[in-house]
Amino acid sequence: MSSSKTDVRRYPGFLSVTLLCLLVLYAPLVIVGIYSFNASNSITSWDGFSLRWYAEVFTGSESEKFKIAAWNSLFIAIIAASCATILAVLAAMAIIRGGQFRTRQISQGLVSLPLMVPEIVTAVATLIFFNAIGFSRGHMTIIIAHIAFCVPFAYMPIAARMQGVEDSYEMAAMDLYASRFQAFCRILLPLMIPGIISGFLLAFIISMDDFLITNFVKGAGVETLPTAIFGAVKQGIKPNIMAISTMLLGLSIIIVSLSYIVSKFDNTK
Amino acid sequence: MNTESPIAIDVRDAVKRYGEFTALKKISLSIKDNEFFTLLGPSGCGKTTLLRMIAGFEDVTEGQIYLYGDEIEGLPPNKRPVNTVFQNYALFPHMSVLDNVGFGLEMRGASKSDARRRGGEVLELVQLSQFAKRKPSQLSGGQQQRVALARALAPQPKVLLLDEPLSALDLKLRKAMQIELKHLQRETGITFIFVTHDQEEALTMSDRIAVMSAGELQQLGKARDIYERPHNKFVADFIGETNLLEVSVDKIDNGHAICHLGGGHSLTCNAVDGIDVGTRVHISVRPEKLFTSDAPSGVESLKGIVKENIYLGTDLSTIINLDEGPDFTVRTSNSERGNKRIFEPGAQVFVNMEMGAARLLVD
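Criteria and cut-off values
Residues numbered from 1 in each chain as written. Chains lettered and ligands numbered in written order. Predicted model: local features only at pLDDT ≥ 70, side-chain atom pairs only at ≥ 80, totals over all residues. Heavy atoms only, no water. Helix = DSSP H or I, 4+ residues; strand = E, 2+ residues; numbered from the N terminus. Buried < 20%, exposed > 50% of the residue type's maximum accessible area, 1.4 Å probe, protein only. Contact = heavy atoms within 4.5 Å. Areas by Shrake-Rupley, 256 points an atom, 1.4 Å probe, with all protein chains shown as cover. Pairing = 2+ DSSP bridges. Axes fitted to C-alpha atoms, helices over the stretch in contact; angles between N-to-C directions. Phe/Tyr/Trp six-rings, centres within 6.5 Å; stacked < 30°, edge-to-face > 60°. Lys NZ or Arg CZ within 6 Å of the ring centre and 35° of its normal. Expected span 1.5 Å × (residues − 1). Bend = angle between axes of the 7 residues up to and from the residue. Buried area = accessible area lost by both parts, 1.4 Å probe. Salt bridge = Lys/Arg side-chain N within 4 Å of Asp/Glu carboxyl O. Polar contact = N/O pair within 3.5 Å; in protein donor to acceptor, adjacent residues only side chain to side chain. Nonpolar A, V, L, I, M, F, W, Y, C, P; charged D, E, K, R; others polar. Parallel < 35°, antiparallel > 145°, perpendicular 65-115°, else oblique. Left-handed = near helix turned anticlockwise from the far one by under 90°.

A. Broad picture of the overall build of chain B. Within chain B, the secondary structure is distributed over 8 helices and 20 strands. For chain B, the proportion of its 363 residues judged to be buried stands at 51%. Taking as baseline every contact in chain B between residues at least 6 positions apart, the subset at least 24 positions apart corresponds to 66%. Summed over its atoms, the accessible surface of chain B is roughly 16500 Å², and 46% of this surface lies on carbon and sulfur atoms.

The following block contains the structure:
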């Protein structure tokens, strides 16, 4: 690190602002994490270490509800992330390998647009859309909505990776008698695999964690893990909610870290 | 020249335009079977564009390209029996060296084991058998270059295209590869089309050279023809070192043109078509065709003063200023034979040449 006078760490108030930001961002998560191990029934007073609330999640009165919701979430996330990844690869092929076409910039923007649109707007719009075409709400509506908003998350690492693969490799493959499709399967796809896995994982966890859009488009009686947690919280916060939240947080951290590590993987050495 | 040998590549009136920009202006040339043919020119002259058109990566705006008599326009690169050695090699980074070399064979329908066996044979040809299992990134630049060559040769293409393949190598390695390429071409009997901006490389390896500039063919011929008998100012200047002087034609007599150099000096050259008395043209004299002495010698002698001697190792380059006239550079080889005299700066000397050393150029 540089020790010059322009080093950001020498600015007045640097330390206090940093600490404040960290506190606001992470203190609630840390507290939830700690209190999920509380032996007490209370959510505010500490009464020693215990795993009883984790046991409660799997065996308690609400465990069946959470189990169904968790399987729903997993099922939806796998399908939505798979479809979003395929769409993202196709979009990247067109935008990055499609040469210069007139709507290239716009296409690029459209793919990333859902990242900028307020989620509540997407949620309402999606709901209105399903109502307008007379689609009854249920698993299918959730999956379709999830595919739609997962595409930009899958697209980012995939596009970044594809940009890093020189097109001269595919040219060389075609020069050596490979068809366009063979060049894609044998050359581009293997070189892009880390980006594709990274994009899939990111889309997977985004789908897994989504509450707002899911809550709008899910039918009555269909719950995912986030909506089930929300439903449980409405009847008052119990420590088992903290336990299940901590587990979901842990999963998110693992998947996002994995996605980052995989995206940096060099499979050419 | 054997006129019986078939034509490998026949380019007829090929034009390439990118929007408003014309990269190739009506190029026509024929490349013979089993020939080491070089497209030579500065960057942006269209040589790589022409190569990519033959490979199938660029379409032909106008004109036709024939490969052994068949028109190839419309065929995608994978349907053309030509292979390319790319400038950056473009070795597949996720595959082993052997799988790289076998790739073309496999795509042509050979089984994996056949592709490996035949790939191994070609690797032996470029002396890289011991690296078969490595990834390209584990090889040196020179080794990668040879893998790229082996990969392009393995499917036994009818024509091998080489796009400045030696430009990334250091001088020693480049010299060695030039010889190796020439040998490989003779051994395999495959027609090579080599693209380079390095005139020395072109002279060393080629059977014939096409000199290109600004999308046009300037001259096509054997290395010796192009060096000794350049058609125009561009070719004379681009190939090798030369004394390029602007002169005015004073008299044309019996096939000889008497040219005025300025400062009262004149030279007699062989006249060429399209030159009239009074026109200003260029002449080219290669520095190694000149010799110095303290008394007039040879057919033509011009008096001047030595300005500078530049020691080049193999040669000595002497710059001589003619009295009130232009400068001449004279190259003397650094050999022990002969009794060559070195004139120090300031010494009065004569610059001498034999008939035919000075060549008149049409623009």
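There's more to say after this.
B. Structural detail: the sheet that holds strand 10 (residues 216–222) of chain B. Residues and elements named next belong to chain B. Taken together, 6 strands build an open sheet; the order of strands is 6-7-8-3-9-10 and the sheet is mixed. Of all the strands in the sheet, just strand 6 (82–85) and strand 10 have a single pairing partner and so form its edges. Each strand of the sheet is rotated relative to its neighbour by a mean of 20 degrees, with strand direction disregarded. Note that strand 7 (residues 159–163) and strand 8 (residues 191–196) share 5 bridges and pair parallel. By the bridge assignment, L162 is partnered in strand 8 with F194.

C. Representation of the packing of aromatic side chains. Applying the stated criterion across every chain yields a total of 12 aromatic pairs over all chains. Seen in terms of ring centroids, F36 of chain B and F194 of chain B are 5.8 Å apart; in terms of plane orientation they differ by 45 degrees. Their pairing is tilted. Of this pair, F36 of chain B sits in strand 3 (residues 36–40) while F194 of chain B sits in strand 8, and the two are 158 residues apart along the sequence. By relative accessible area, which is 0% here, F194 of chain B ends up buried. When the centroid spacing of 6.1 Å and the interplanar angle of 50 degrees are considered together, the rings of F57 of chain B and F86 of chain B count as tilted. Taken as a pair, F57 of chain B in the loop between helix 1 (47–55) and strand 4 (62–67) and F86 of chain B in the loop between strand 6 and helix 2 (97–107) lie far apart in primary sequence, 29 residues in all. Pair check on accessibility: F57 of chain B and F86 of chain B agree, each one buried. Taken together, the aromatic side chains of F37, F49 and Y54 of chain A make up a single cluster linked through ring pairs. One cation-aromatic arrangement involves R108 of chain B over Y177 of chain A; the distance from NZ or CZ to the ring centre is 4.1 Å.

D. Main features of helix 6 (residues 139–164) of chain A. Here helix 6 of chain A is 26 residues long and its end C-alpha atoms lie 37 Å apart, about the 38 Å a rise of 1.5 Å per residue gives. A maximum bend of about 40 degrees is found in helix 6 of chain A at C150 of chain A, where proline P152 of chain A lies one to four positions downstream.

E. Representation of the side chain of K16 of chain B in the model. All names here are of chain B. Its place among the elements puts K16 in strand 1 (residues 7–18). Overall, the relative accessible area of 4% leaves K16 in the buried class. Leaving out residues up to four positions away in the same chain, K16 has contacts with F21, T22, A23, L24, T49, M53, E58, D59 and T61.

F. How the structure looks around the interface of chain B and chain A. With 30 residues of chain B at the contact, the number on the chain A side is 20 residues. Note on chain B versus chain A: buried area summed over both sides is about 2200 Å², and carbon and sulfur give 62% of it. When the buried area of chain B at its contact with chain A is split by residue, N78, H94 and M107 of chain B rank highest and sum to 27% of it. Summed over the shared surface of chain B and chain A, the number is 1 salt bridge. The partner of R186 of chain A in a salt bridge is E106 of chain B, and the shortest N-O contact between them spans 3.2 Å. The interface formed by chain B and chain A contains 9 residue pairs in polar contact (both at pLDDT 80 or more). Elements that contribute at least two residues to the side of chain B that touches chain A include exactly helix 1, strand 6, helix 2 and helix 4 (141–153) of chain B. Of all the elements, helix 2 of chain B adds the most residues to the side of chain B that touches chain A, at 4 residues. Considering only residue class, the side of chain B that touches chain A consists of 16 nonpolar, 7 polar and 7 charged.

G. Molecular detail of the packing of helix 3 (residues 63–97) of chain A against helix 8 (residues 180–209) of chain A. Residues and elements named next belong to chain A. Close contact between helix 3 and helix 8 brings their axes to 8 Å; oriented N to C, the two are set at 135 degrees. If you check the angle between helix 3 and helix 8, you find them oblique. The two elements helix 3 and helix 8 cross, and the hand of that crossing is right-handed. When helix 3 is examined against helix 8, the residues S73, L74, I76, A77, I78, A80, A81, S82, T85, V89, M93 and R97 are found in contact with a partner set consisting of F184, L188, I196, G199, F200, A203, F204, S207 and M208. Looking at side-chain class alone, the contact of helix 3 with helix 8 contains 15 nonpolar, 5 polar and 1 charged residues.

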